[in-house]
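In case you want the letters, here they are:
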Amino acid sequence: MKKYLKYIAVTVLALTVANCDNYVDIQTEGKLTPKETENYRYLLNNTRVYDITYGLIDVASDDIDLQNEAQITALSSSDFYRPFLNLYKWSDTVYFEGEKDYNMESLYDALYYTNVIITEVMNSTNGTQAEKQAIKGEAQVHRAFIYLTLVNIFGKAYDATTSATDPGVPVFTTPTVSQDIKRASVKEVYDLILSDLNEATTSGLKPVNTRNNVAFPSQASAYALLARTYLYMRNYSEALANAEKALALQNTLINLADYEFAAYPNKRLDSELILSKFNGYSSYSYAPSILGLSDELINTFDTNDLRYVLFTQPSTVFNSAYTKGRAYAKEGLTGESRNAGPTVPEMMLIKAECQARAGSGTAAMQTINALRVKRFRTGQYVALTATDNKDALLKVLAERRRELMGCGGFRWFDLKRLNKEPELAKTITHRFSGQTVTLAPNGDRYQLPFAPIYFDYAPNLEQNK
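Residues numbered from 1 in each chain as written. Predicted model: local features only at pLDDT ≥ 70, side-chain atom pairs only at ≥ 80, totals over all residues. Heavy atoms only, no water.

Undergrad: I'd like to hear about the overall build of the protein, residue by residue, with values.
TA: Each helix and strand counted, the protein has 17 helices and 5 strands in total. The C-alpha atoms of the protein give 22 Å as radius of gyration, which agrees with the globular expectation for 465 residues (23 Å, within 12%). Taken over the C-alpha atoms alone, the protein extends approximately 60 × 50 × 45 Å along its principal axes. Per-residue burial for the protein yields a buried fraction of 59% across its 465 residues. In the protein, of all internal contacts separated by at least 6 residues, the share reaching a separation of at least 24 is 71%. Charge separation in the protein, taken as the distance between the mean sites of 49 positive and 52 negative side-chain charges, equals 1 Å. (Helix = DSSP H or I, 4+ residues; strand = E, 2+ residues; numbered from the N terminus. Rg over C-alpha atoms; globule rule 2.2 N^0.38 Å. Buried < 20%, exposed > 50% of the residue type's maximum accessible area, 1.4 Å probe, protein only. Contact = heavy atoms within 4.5 Å. Lys, Arg positive; Asp, Glu negative; His and termini not counted. Charge placed at Lys NZ, Arg CZ, Asp CG, Glu CD.)

Structure, rendered in structure tokens:
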């Protein structure tokens, strides 16, 4: 792993030189040591390094069902697709010997950048204190997103009673290439995430970033990621407070009816997007092959729901050999990958869930209806109602599944956290080649195994069971 980290350092330097023409005065002896404040801005300007997530994880959830045998055959015969199929089957090994987990490596590559910035920018020259603090804040938002993603991929769902001993992921807070690699606890990872985000909210970030700047962290994005973090921690009062702070800064919704017969906005024109974190592992062309949607999910949609109309398509549209089901198709509208960054709808869903859990089911329904009315044609929407607070919570969670389907690992992370509640825990099943596999609530395969290659360099890295 030490060699791997040194490889990351070299890769980061190469990417920086290749992508930031104005990036100058770089010295390296195992790490980058820019001297002037503007050089750290150049590091952050290389947004493609940070505009990523762990795209492989979506296939593991119950949103996905590969109903067409041709899909299974295609995935089985391709080295590129094989990890997707292994994860779909919740195999004990996702990657073969010698194969790298490029999803994970991309996130740790980005982490190296953030650590350089966070540890060094405040001592840089020719910049004001406010400029340095804001640059550090941006890097902290990126670092928090990276760790929140990684700990929910490889670690257990946060549980206040066990998080101090549950293994999380290796934590690096400095751009080191010599550290012994061990897993920090889930609690330690979450403590760092909260520290980074809370500091970032007061670091002088712009309130909102949109259009060409949507990949740059804003104050709204820091609050939004705090809301997501607290939701995953099941701290609903703090999740609600931070979702409302994010919505106070950014709250515009897209009316899908405007785009039923017009070009759908890409991320630069998407007013709902708070921070761009697009899946860097696959492009839109892969989605129909991988993201076959389960009938269980599809059957929850009203067929007048424009998310059903626009964002899903019959599998036959993509391949004549696919004769069953529907596939996730939003990527085909924009030509872009799936987004895992915070959005206005996500914040509204967090707000509604927290309202329902706090005993305000009526308020939760008001929040949900304010979102849903933008997902139907004018005059076709019938408002949802709930019989009680429990019913309101179930309706909110069902809406969350529809709104956030197919992207960012949201459903997988929700399954993990909801398994902590017996009434919401669920055994999920996947089918392939005439077989059915099941994953029980809190099963070991909710924690992805690390690729075997990393144990060559990190013998003290604890593998998931």
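Next, the rest of the story.
Undergrad: Mind laying out the pattern of salt bridges, listing which residues take part and the relevant values?
TA: Counted by the stated rule, this structure contains 35 salt bridges. With its nearest N and O atoms 3.2 Å apart, the salt bridge here joins Arg 445 to Asp 92. Highlighted residues: Arg 445 in the segment after strand E5 (435-439) and Asp 92 in the loop between helix H4 (82-88) and helix H5 (102-120), separated in sequence by 353 residues. Looking at Arg 445, the relative accessible area reads 10%, which means it is buried. (Salt bridge = Lys/Arg side-chain N within 4 Å of Asp/Glu carboxyl O.)

Undergrad: Give a detailed account of unusual backbone geometry, specifying residues and quantitative values.
TA: Although it is not a glycine, Arg 211 sits at a positive phi angle of roughly 50°. Inspection of the secondary structure assignment puts Arg 211 in the loop between helix H7 (186-201) and helix H8 (219-232). On the basis of relative accessible area, Arg 211 is assigned to the exposed category, the value being 53%. Positioned with a positive phi, Arg 234 is a non-glycine residue whose angle comes to about 60°. Mapped onto the elements, Arg 234 comes out in the loop between H8 and helix H9 (236-249). Assessed through its relative accessible area of 26%, Arg 234 is described here as partly exposed.

Undergrad: So what's going on with the packing of helix H14 (residues 344-357) against helix H15 (residues 361-372)? Which residues, and what values?
TA: Closest axis-to-axis distance for the H14/H15 pair is 7 Å, and the angle between their directions is 165°. One finds that H14 runs roughly antiparallel with respect to H15. Crossing handedness for the pair H14 and H15: left-handed. Contact residues: Pro 345, Met 348, Leu 349, Lys 351, Ala 352, Gln 355 and Ala 356 in H14; Gly 361, Ala 363, Ala 364, Thr 367, Ile 368, Ala 370 and Leu 371 in H15. For the contact of H14 with H15, the class distribution of residues is 10 nonpolar, 3 polar and 1 charged. (Axes fitted to C-alpha atoms, helices over the stretch in contact; angles between N-to-C directions. Parallel < 35°, antiparallel > 145°, perpendicular 65-115°, else oblique. Left-handed = near helix turned anticlockwise from the far one by under 90°. Nonpolar A, V, L, I, M, F, W, Y, C, P; charged D, E, K, R; others polar.)

Undergrad: Give me the sheet that holds strand E1 (residues 292-293): which residues, what numbers.
TA: On the basis of which strands lie adjacent, the open sheet formed by 3 strands has the order E1-E3-E2 and antiparallel pairing. Two strands lie at the open edges of the sheet, namely E1 and strand E2 (312-314), each paired on one side alone. (Pairing = 2+ DSSP bridges.)

Undergrad: Outline the packing of aromatic side chains, supporting the account with residue identities and numerical values.
TA: By the definition in use, this model includes 14 aromatic pairs. Geometrically, the ring pair formed by Phe 80 and Tyr 81 is edge-to-face, given 5.3 Å between the ring centres and 80° between the ring planes. A relative accessible area of 32% places Phe 80 in the partly exposed class. Take Tyr 81: its relative accessible area is 15%, and that puts it in the buried class. (Phe/Tyr/Trp six-rings, centres within 6.5 Å; stacked < 30°, edge-to-face > 60°.)

Undergrad: Now, about the nonpolar core: what can you tell me, with residues and values included?
TA: If you look at the biggest cluster of nonpolar residues, it comprises 132 residues, and the most contacted ones within it are Tyr 54, Ile 117, Phe 154, Met 347 and Trp 412. Top contributing element to this core by residue count: helix H6 (residues 129-154), with 12 residues. The contacts of Met 347, once residues within four sequence positions are left out, are Ala 224, Ala 227, Ala 243, Ala 246, Leu 247, Ile 274 and Pro 342. (Core = buried A, V, L, I, M, F, W, Y, C linked by side-chain atoms within 4.5 Å.)

Undergrad: Summarise H7; cite the residues concerned and give the values.
TA: Residues that lie three or four places apart on an α-helix share one face, since the helix turns once every 3.6 residues. Taking 1.5 Å of rise per residue, the 16 residues of H7 would be expected to cover 22 Å, and the 23 Å separating its terminal C-alpha atoms lies within 8% of that figure. Buried within H7 we find Val 186, Val 189, Tyr 190, Leu 192, Ile 193, Leu 194, Asp 196, Leu 197, Ala 200 and Thr 201. Close packing links the buried residues of H7 with H6 and H8. (Expected span 1.5 Å × (residues − 1).)

Undergrad: Report on the side chain of Glu 138, specifying residues and quantitative values.
TA: The topology assignment puts Glu 138 in helix H6. At a separation of 2.7 Å, a polar atom in the side chain of Glu 138 contacts the side chain of Arg 41. With residues near it in sequence (within four places) discarded, Glu 138 still touches Arg 41, Leu 44, Leu 205, Phe 216 and Pro 217. (Polar contact = N/O pair within 3.5 Å; in protein donor to acceptor, adjacent residues only side chain to side chain.)

Undergrad: Any details on the side chain of Thr 229? Residues and values, ideally.
TA: In this fold, Thr 229 is placed in helix H8. With relative accessibility at 0%, the residue Thr 229 sits in the buried group. Residues contacting Thr 229, with those up to four places away along its chain left out, are Leu 148, Tyr 190, Ile 193, Leu 194 and Leu 197.

Undergrad: Break down H9 for me, citing the residues and quoting the values.
TA: Taking 1.5 Å per residue as the helical rise, H9 with its 14 residues ought to reach 20 Å, and the 20 Å between its terminal C-alpha atoms agrees with that figure. Among the residues of H9, Tyr 236, Ala 239, Leu 240, Asn 242, Ala 243, Ala 246 and Leu 247 are the ones counted as buried. Those residues of H9 hidden inside the fold are in contact with H8, H14 and helix H17 (410-418).

Undergrad: If you had to explain the packing of H8 against H14 to someone new, which residues and values would you point to?
TA: It is at 10 Å that the axes of H8 and H14 come closest, and there the two elements cross at 40°. One way to sum up the angle between H8 and H14 is to call them oblique. The handedness of the crossing between H8 and H14 is left-handed. Contacts between H8 and H14 involve Ala 224, Ala 227, Arg 228 and Leu 231 on the former and, on the latter, Glu 346, Met 347, Ile 350 and Glu 353. Its residues assigned to classes, the contact of H8 with H14 comprises 5 nonpolar, no polar and 3 charged.

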